[in-house]
Amino acid sequence: MKILITGGAGYIASHTNIELLKEGHELVLVDNFCNSVYESVKRVEAISGNKLKFYEVDLLNINDLESVFEKEQNIDAVIHFAALKAVGESVEKPLNYYENNISGSLNLYKCMKKYNVVNFVFSSSATVYGDPEESPVKEDARIGATNPYGHTKVMMEQILLDAADAYNWNVVILRYFNPAGAHESGKIGEDPEYPANLLPFVSQVAAGIRKKVVVFGDDWDTIDGTGVRDYIHIVDLAKAHVKAIDKLSNSKGTFIYNIGTGRGYSVLEMIKAFGKACGHEVPYEVGPRRSGDIAEVLADPTKANSELGWKAEYGLEDMVNSAWKWQSMNPKGYRE
């Protein structure tokens, strides 16, 4: 397939690009570098041995986006990663998130309609569930996002489903839980200037870039009082997109899948595991709970296992070891 990848230089996209290239797909990447850099594209090319088509495009500029569809005829499918994604920042800058995520997606959907692209994989998030009534959470659980980032994902999903129904699109929505880790080569990984996710923050503390990890509350109703999340190795997550493309090749309709392991780890378990990976304790202190946080959320991945033929293969040790390898080989990320 010829696949357009939005946010194609990002963390999840970079790993997905490698897995898609292994299967012989032709990729066309677009990105505006608001939270990524071109170096990641070059490293994917080096790892895969493939030269990638790349366009620097902001989805908010529909004319530039349309020019990609015009130039790259016969796009078979789109995988939509491009979005602002930090929960805390979304609370501080909600209008930025609604404009970027919703308006950018609308432009993409309009281009798909105009150029008759009918296959779509959407990068969604477990944040759409908010504080679920049951955990592990299933795909038919109540939607209840608790922050602007989560609300944008809910809206992007709904607009997409309405468009799919009207225009006979085939859609796979992947609701990710907590991506972690890096490629086995250590050449690509998560590279935030200021980490919003736990593992890259722990990595930077372990490397001495930051002084300590702040644990937001140790009085939750969990195994050790700290928040529990379903962490999934980035390569497992990437492979789920390959399975989603396979699904679109063989099936018509819309499909929603949780992409997680069904196994949770607490914040302290993650910190201790990382200390083992890097060979020394990672300093931390306990702070107050953050507004909007919840005690525990885990995926029920049964549907993805059975319908997509996808299952997570990597565990906690793989996640922390690969993250430390990436951090050690790239102390300043891609920006060295």
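Heads up: the structure comes first, above all this text.
Everything in this summary refers to the structure shown in the same document.

Each value, and the rule that gives it
- Residues numbered from 1 in each chain as written.
- Predicted model: local features only at pLDDT ≥ 70, side-chain atom pairs only at ≥ 80, totals over all residues.
- Heavy atoms only, no water.
- Core = buried A, V, L, I, M, F, W, Y, C linked by side-chain atoms within 4.5 Å.
- Buried < 20%, exposed > 50% of the residue type's maximum accessible area, 1.4 Å probe, protein only.
- Helix = DSSP H or I, 4+ residues; strand = E, 2+ residues; numbered from the N terminus.
- Contact = heavy atoms within 4.5 Å.
- 1 Å grid on protein atoms, 1.4 Å probe; cavity = no way out; pocket = protein on both sides within 12 Å on 5 of 7 lines; lining within 4 Å.
- Points joined across faces, edges and corners; volume = space filled by probe spheres on them.
- Nonpolar A, V, L, I, M, F, W, Y, C, P; charged D, E, K, R; others polar.
- Salt bridge = Lys/Arg side-chain N within 4 Å of Asp/Glu carboxyl O.
- Pairing = 2+ DSSP bridges.
- Axes fitted to C-alpha atoms, helices over the stretch in contact; angles between N-to-C directions.
- Phe/Tyr/Trp six-rings, centres within 6.5 Å; stacked < 30°, edge-to-face > 60°.

1. A short note on the nonpolar core
- Counting 41 residues, the largest nonpolar core has Ile-5, Leu-174 and Ile-259 as its most contacted members.
- For this core, the leading source of residues is helix H8 (residues 234-250), giving 8 residues.
- For Leu-174, the contacting residues outside a window of four places in its chain are Val-121, Phe-122, Ser-123, Ser-124, Ser-125, Ala-240, His-241, Ala-244, Tyr-257, Ile-259 and Leu-308.
- In this structure, Leu-4, Tyr-55, Leu-59 and Val-171 belong to the second largest nonpolar core, which totals 27 residues.

2. Some points on the layout of surface pockets
- For the second largest pocket, the calculated volume is near 260 Å³.
- Forming the walls of the second largest pocket are 22 residues, and the residues nearest its centre are Glu-190, Asp-191, Pro-192, Gln-204 and Gln-327.
- If you list the elements that add at least two residues to the lining of the second largest pocket, you get strand S7 (178-180), helix H7 (198-206) and helix H11 (316-329).
- Take the lining of the second largest pocket: its biggest share by element is 4 residues, from H7.
- Classifying every residue of the lining of the second largest pocket gives 11 nonpolar, 6 polar and 5 charged.

3. So, the pattern of salt bridges
- What the rule picks out here adds up to 16 salt bridges.
- One salt bridge connects Lys-51 with Glu-45, and the closest N-O pair in it is separated by 3.8 Å.
- A relative accessible area of 71% means that Lys-51 is categorised as exposed.
- With a relative accessible area of 12%, Glu-45 lands in the buried category.
- Residues Asp-191 and Arg-335 are paired through a salt bridge, measuring 2.5 Å at the closest nitrogen-oxygen approach. Taken together, the residues Asp-191 in the loop between S7 and H7 and Arg-335 in the segment after H11 connect sequence positions 144 residues apart.
- Among the residues examined, Asp-191 registers a relative accessible area of 16% and is labelled buried.
- It is possible to trace a salt-bridge network through shared partners that takes in Lys-2, Glu-26, Lys-53 and Glu-72.

4. Some points on the sheet that holds strand S5 (residues 119-125)
- Pairing within the open sheet is parallel, and its 7 strands lie in the order S3-S2-S1-S4-S5-S6-S11. For this open sheet the edge positions go to strand S3 (53-56) and strand S11 (254-259), each flanked by a neighbour on one side alone. With strand direction ignored, the average angle separating the axes of adjacent strands in the sheet is 15°.

5. Describing the pairing of strand S8 (residues 213-216)
- Residues Val-213 and Val-215 line the buried face of S8, whereas the alternating positions Val-214 and Phe-216 sit on a face that is not buried.
- Inspection of the sheet shows S8 paired to strand S13 (residues 284-287) by 4 bridges, in the parallel sense. The residue bridging Val-214 from the neighbouring strand is Glu-285, located in S13.

6. Here we look at the packing of aromatic side chains
- Considering all chains together, one arrives at 10 aromatic pairs under this definition.
- For the ring pair Phe-33 and Phe-54, a centre distance of 5.3 Å and an interplane angle of 20° mean the geometry is stacked. Of this pair, Phe-33 sits in the loop between strand S2 (26-31) and helix H2 (39-48) while Phe-54 is found in strand S3, placing the two residues 21 residues apart along the sequence.
- Residue Phe-54 is classed as buried on the basis of its relative accessible area, which comes to 18%.

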